[in-house]
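# Fold and geometry: a report
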Amino acid sequence: MAKKGLKELNGQPCESASNPPASGPEVGPGAEGAENRGVPNFAFLRGRAPSSDPLHFFIARRWELMAPAMVCTMVALGFTSRSAPGSLSLLLSFAAVLLCLATPWLATVEGSLHHRSWKRYPLMLVTIALPMLLFGMAAAQWTREVPALDWRITIKGYGLLVLLATVLLDRRLTSIVAATLGVWAGASLHSASLGTFGLLGAGLVIGLVAAMRQARLAREESMRLAIQERERHRAEELLREYEETGQGWFWETDRRGLVAYVSPRIAELLQSRQTELYGKPFLSLFRLRAEDHDSERTLAFHLSTRSSFQDVAVRAATDEQDERWWSISGRPVLDQFHNFLGFRGSGIDLTETRKSQQHVTRLARFDSLTKLANRFQMSEWLEKVINSPRTENRACAVFLLDLDRFKQVNDTLGHPAGDALLKQVAERLRLTVANMGRVGRLGGDEFQVILPGYHQHEGLGHLARRVIENLSQPYSIDGTRVTIGASVGIAMCPEDGTSSEVLIRNADLALYAAKDGGRGRHHFYDDDLHSDARERQQLEQDLRDAIAGGALELHYQPQIHTKTQTITGFEALLRWKHPRHGYLSPAKFVPVAEETGLVSEIGEWVLRKACRDLAAWPNDVRVAVNVSPLQFANAELPSIVAQAIADSGIAAKRLELEITESVFLGEDASTEAMFGALKDIGVRLALDDFGTGYSSLGYLKKAPFDKIKIDQSFVRGACVEGSRNGAIISSIVGLAEALGMETTAEGVETFDELDLVRLLGCSHIQGYIYEKPLSSAEVVARLERGLVAVASGPRSARASRQPTTRKVVLEHGGHVYHGIIRNISATGATVEGLWNVPVDTEFALQLAEGTVVLATARWCRRGRMGVEFVHPLELDASGNVLIAPTDVAAGRTGETGAAGLLRKTG
């Protein structure tokens, strides 16, 4: 059926011209029944059988019809002349009829010969020319014997037979000439005149020329038909393979839109037989629904309007679990009178293409890892909310979330574990937000939540706390217990912005403030954050200018040997004198340098500068230089250190590199290799701020440290009754001594602290009790006085407090709290009225109208809280605390001196 359909679609005949069928009898549909009924098998009673190729074969199948024609001619001649032929005429006529009736057998013989074989010509003379010759002789003999039979009648009989021969021989010019010459030669044998033989000779020449021309035309036509046949055969094979491989299929309908043909592959997909689909509506092969795509309704439109269409996507009416889609093309078929006959076209499978398109769409709009909406879709949805036609529908809130300590999971457990963690975070976040809004992942460990509609601060704060709490619960990753945290920044529309760009920027500023406030918190946007961001951006630009202009400085703080009280070295401390703000704390600009990548450039400058300054100091004095984690991760660090030592001409052992514990977060072979490379140079290594980071005693077994530095947070408060800091210092000292390392206590400022660290066995001391940081020139002058150091400072670290009763307002995270100060000093105060305040919580403390100071909670017990001011307050001449800034009291609007440490409320 497929082959038939292909040939019908191409409009080509089924018979092959290059391989003609045998010229033997091929019985038509009616012939077989006739034979079964006993009817004689005459040619005129048989159905039309295929004829042999007139280009290559001389004998036509229908030539056997010449036998009854000859009989009828003889009867007509006898009826006209009222006579009967003689015995010779009957014998000749009977021989001619028998030869004509033998045509099927002789045609079969000719069909078995090659079309270039010479044997065909004698066979043609016997089959065609000889019967005509015999009949011509028979008719001529009868005409001569019977005077009543006129030659004019006989010649008319000859003419009718020649005409019939022309029809039966069907464009076989050589055979027609042979038949014509045969009949006239038979008629001319009785006259035997010279003119007759001349005419027959001319006819023979004409026959030979016709035969030669016919042979040439046959060869040319054969080549042409062979080429056409090869092209047609190739087209059929290609179309058949196209159908059988399932790449495409063909269809045809009648004028009523009913299926007239469809490829077998489609019938298999529709779980039907090919014949069962014939006669069904073409549209029944597809699922056409009103809610489906417009293209499906377009197909019905084209069929109804009888217009051509191309690449119309439709869904197949199959019972497969997955949807199957086809692309249909078709055109109307018209007859020669432009009457519509139906449609004819083709189709291809679109299923995989649509799956690929859907996959691309998912990649473009959804996060491939968590299946949440991605940044593009979240931005699109936020724009849709903000640009809503109705003003009351434009309100919304935006949460930006950032995971705390996620990088640690990636560094310690690997990225696959990090991906698994992100999936669990996404699921928890989706369940927490539920139907309140839409959740998306912007990339990395950053997520976004959009909550449409108006929301109160309390409700948003409650949701943010639930999000933080749920995301902070432990996770199980491949059997490992993992705990992270989250920080949330919140911006609201229209209060904090009426465009998506402004809202996202303000939510990001709020998120940054939440992380800067200690992480694990949420923060609402306020205008101060924007000003802080501008200030930070300006600070970054000023820092770049300072690096380019050489405005950075190095100050050095002495490190004193505890027993000998002599200077053994100095720690290099970075200082920057801002052109407008004066000296800025490193805590203010170093984080900016780390975020912008400037810390590596600054660190290399510090290293080279410290080595150059060290070259002018006594040989038994060392210098300590801090190395940031970013510098430590740089594979070029050993070569930079070696080059700085070589350029300054100092001994490598005089340089001490201070490294923090954070370098061990991503501990791998490269970390160990870096330690080995630095030790090969000969420098000393010190572990800085021990106990304040992700402390692990495991790395002390492998890292070749020469010194452990005890952070000042353990030194401060160590002398306070009930403090455990002294026990921690003692443990660190014991550990260092057991490992053959020195210890340096940082931040020693009072004699109480000095006596304690001496008692606990610290080998070195660094702090204001001996010296404040000195400039390079001051270090040279100090060393000229000798290496002996003398302690000087207060006995106790506690500032004198004055009792008071003052109502104050504290602000934290957008919330306002009321309290009462019971006592206050230049460095801190005791506040009543707040319960369960976490240590290190930061507050904006309003001491008086227009006076706000930043404070940090240090303890909280039974409704009382001790806070430490970020910057000490000013004292008057009698030592009492000044609540209002000096400049404010004097009526000036500028901020100078200590007043610059405070800020006024709006």
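As a reminder, the structure under discussion sits directly above these lines.
The structure displayed is predicted, hence computed values, not measured ones.

Procedures and definitions
- Residues numbered from 1 in each chain as written.
- Predicted model: local features only at pLDDT ≥ 70, side-chain atom pairs only at ≥ 80, totals over all residues.
- Heavy atoms only, no water.
- Helix = DSSP H or I, 4+ residues; strand = E, 2+ residues; numbered from the N terminus.
- Expected span 1.5 Å × (residues − 1).
- Contact = heavy atoms within 4.5 Å.
- Patch = residues over 30% accessible without salt bridge, like charges linked within 9 Å, V, L, I, M, F, W, Y side chains within 5 Å.
- Areas by Shrake-Rupley, 256 points an atom, 1.4 Å probe, with all protein chains shown as cover.
- Salt bridge = Lys/Arg side-chain N within 4 Å of Asp/Glu carboxyl O.
- Lys, Arg positive; Asp, Glu negative; His and termini not counted.
- Charge placed at Lys NZ, Arg CZ, Asp CG, Glu CD.
- Buried < 20%, exposed > 50% of the residue type's maximum accessible area, 1.4 Å probe, protein only.
- Phe/Tyr/Trp six-rings, centres within 6.5 Å; stacked < 30°, edge-to-face > 60°.
- Lys NZ or Arg CZ within 6 Å of the ring centre and 35° of its normal.
- Pairing = 2+ DSSP bridges.
- Axes fitted to C-alpha atoms, helices over the stretch in contact; angles between N-to-C directions.

### Observations concerning helix H7 (residues 151-169)
Between its first and last C-alpha, H7 extends 26 Å over 19 residues, near the 27 Å set by a 1.5 Å rise per residue. Considering only its buried residues, H7 is in contact with helix H3 (66-81), helix H6 (120-145) and helix H8 (173-188). Count one or two residues on from H7 and you reach aspartate 170, which has phi positive near 50°.

### Considerations on a negative patch on the surface
A cluster of like negative charges, contributed by Asp527, Asp528, Asp532 and Glu811, occupies part of the molecular surface. The dominant element in the negative patch, judged by the number of residues it contributes, is helix H19 (residues 527-549), at three residues. By secondary structure assignment, the location of aspartate 527 is in helix H19. For aspartate 527, a relative accessible area of 61% translates into the label exposed.

### Focus: the packing of aromatic side chains
Evaluation of the coordinates by the stated rule reveals 14 aromatic pairs. Ring plane angle 40° and centroid distance 6.0 Å describe the contact between phenylalanine 309 and phenylalanine 343, whose orientation is recorded as tilted. Note that phenylalanine 309 is positioned in strand S3 (residues 309-315) and phenylalanine 343 in strand S5 (residues 340-349), a separation of 34 residues in sequence. By the burial criterion, phenylalanine 309 is buried, and phenylalanine 343 matches it. When the ring centre of phenylalanine 79 is taken as reference, the NZ or CZ atom of arginine 82 above it lies at 4.9 Å. For the cation-ring pair, arginine 428 lies above tyrosine 475, with the distance from its terminal atom to the ring centre recorded as 3.6 Å.

### Comments concerning the sheet that holds strand S24 (residues 828-832)
Read around the barrel, six strands follow the order S22-S23-S24-S27-S26-S25 and close on themselves; strand pairing throughout is antiparallel. The mean inter-strand angle of the sheet, taken between neighbouring strand axes irrespective of direction, is 45°. In the sheet, strand S26 (residues 851-861) pairs with strand S27 (residues 864-869) via six bridges, with the strands oriented antiparallel. Its bridge partner being in S27, tryptophan 859 is matched across the sheet by glycine 866.

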